[in-house]
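So you can see what is in the structure, the chains are spelled out below.
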Amino acid sequence: MNTDYILEHITVPKNTGVMFRTSIDSGSYVPSHWHPAIEVIYMLEGELFVTETAKTRRLAAGQCTLINSGVIHATKCTAKNKAILFQIPIDFISLYIPDIQTRIFTIDDPSDNPIRRTKTDMLKETLLNMQVANDIRPEGFILRFNSLLFEILFQLYHNFSTTVFCSGRNQRTKDLNRLTNVLAYTAQNYSRPISIDEIAAVAFLESGYFCRFFKKHMGNTFLEYQNELRLSHIYHDLLTTSDLIQDILERHGFTNDKLFRRMFRERFEKTPSQVRKNHRNSF
């Protein structure tokens, strides 16, 4: 939920095998990315906008959502929020759920179905208990945390998963691995112009095919994605520094001022100066 997670490199402690933390985000924009883990977000305060398969939903306080492994998504936080972030690597889950690759997980929150609501409330209660154990770290913390972790896995498996037919799974994995290399290279070089020939070579694809490949999986062109990545860094610096806006744009390689301001207003519905002013007034 902050710019450190753009490529979702997940670092997990050995004694739990999962990433679990309480996140306090004062503002961030994370463009399209994916990770080899199931991600659960439980919003405690404020709101978060989550875009998945070209659809954006507002996650309000008290609501929970789940993003499946390999699903490309983006997040936007325009005001301070607080949430439980929980990522369970697929390699970890597969130790206990061997058929994980044939399952898809879904949390409908809010739900009109009273049975689904009850199951979701149980999940939220377990997440809150995990948060208490993780924050306080009482004696025997690992025993308590891991007992709740396996309770969560049991709930996800029995209450929120369905079996699906996975045709083309090997090709999907190959495509996501190719995208990982592309996104990593872009993250390292986003502030300078990257030609299509250059980035296509990273993916070991012909330029024309690469453009179609990238648009198919990411939902936008490579140049659009690169500008979204620049925008995420610019948004972060607007909120965390007092640097001149023009200096921030130059630092992150956004040379088209007109395009930047149009994109910025589309994403945040305000000008950069208004966003910075509102952020400062909120503290």
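Check the entry above for the structure.
For clarity, every value in this text was computed on a predicted model and none was experimentally measured. (Residues numbered from 1 in each chain as written. Predicted model: local features only at pLDDT ≥ 70, side-chain atom pairs only at ≥ 80, totals over all residues. Heavy atoms only, no water.)

Novice: Could you give an account of the overall build of the protein chain, naming the residues involved and the relevant values?
Specialist: Counting secondary structure elements, the protein chain contains 10 helices and 10 strands. The globule rule puts the C-alpha radius of gyration for 283 residues at 19 Å, and the 20 Å found for the protein chain is close to it. By principal-axis analysis of the C-alpha atoms, the protein chain measures approximately 50 × 50 × 40 Å. Counting all 283 residues of the protein chain, 48% fall into the buried class. (Helix = DSSP H or I, 4+ residues; strand = E, 2+ residues; numbered from the N terminus. Rg over C-alpha atoms; globule rule 2.2 N^0.38 Å. Buried < 20%, exposed > 50% of the residue type's maximum accessible area, 1.4 Å probe, protein only.)

Novice: Kindly report on the nonpolar core, identifying the contributing residues and their values.
Specialist: Ranked by internal contacts, the top residues of the largest apolar core, which has 29 residues, are Phe86, Ile88, Ile93, Leu123, Leu127, Met130 and Leu156. Those elements that place two or more of their residues in this core are β3 (37-45), β6 (64-67), β8 (81-89), α1 (90-93), α2 (114-136) and α3 (141-159). With seven residues, the single largest contributor to this core is α3. Among the nonpolar cores identified, the runner-up in size contains 20 residues, and Trp34, Val182, Ala200 and Val202 belong to it. (Core = buried A, V, L, I, M, F, W, Y, C linked by side-chain atoms within 4.5 Å.)

Novice: Lay out the pattern of salt bridges in plain terms, naming residues and giving numbers.
Specialist: A full pass over the atoms with the stated rule returns 11 salt bridges. Arginine 58 serves as the salt-bridge partner of glutamate 47, at 2.4 Å between the closest nitrogen and oxygen. Remark: arginine 58 occurs in strand β5 (residues 55-60) and glutamate 47 occurs in strand β4 (residues 47-52); sequence separation between them is 11 residues. Its relative accessible area of 23% is what places glutamate 47 among the partly exposed residues. (Salt bridge = Lys/Arg side-chain N within 4 Å of Asp/Glu carboxyl O.)

Novice: How would you sum up the sheet that holds β5? Please name residues and give values.
Specialist: Read from one edge to the other, the open sheet built from four strands follows the order β2-β7-β4-β5, with strand pairing classed as antiparallel. Two strands close off the open sheet at either side, each with one partner strand: β2 (28-33) and β5. Pairwise comparison of adjacent strand axes, ignoring direction, gives a mean angle of 15° for this sheet. Where β4 and strand β7 (residues 73-77) come together, four bridges link them in antiparallel fashion. The residue bridging phenylalanine 49 from the neighbouring strand is lysine 76, located in β7. (Pairing = 2+ DSSP bridges. Axes fitted to C-alpha atoms, helices over the stretch in contact; angles between N-to-C directions.)

Novice: Can you lay out unusual backbone geometry for me, pointing to particular residues and giving the numbers?
Specialist: Each neighbour pair has its own omega, and for aspartate 109 with proline 110 the value is 5°, a cis peptide bond. Positionally, proline 110 belongs in the loop between β9 (103-105) and α2. Residue phenylalanine 204 is not a glycine yet carries a positive backbone phi of 55°. Residue class for phenylalanine 204 comes out exposed when judged on its relative accessible area of 73%. Backbone geometry at glutamate 269 places phi at a positive 60°, although glycine is not the residue there. Assignment of secondary structure puts glutamate 269 in the loop between α9 (257-268) and α10 (272-281).

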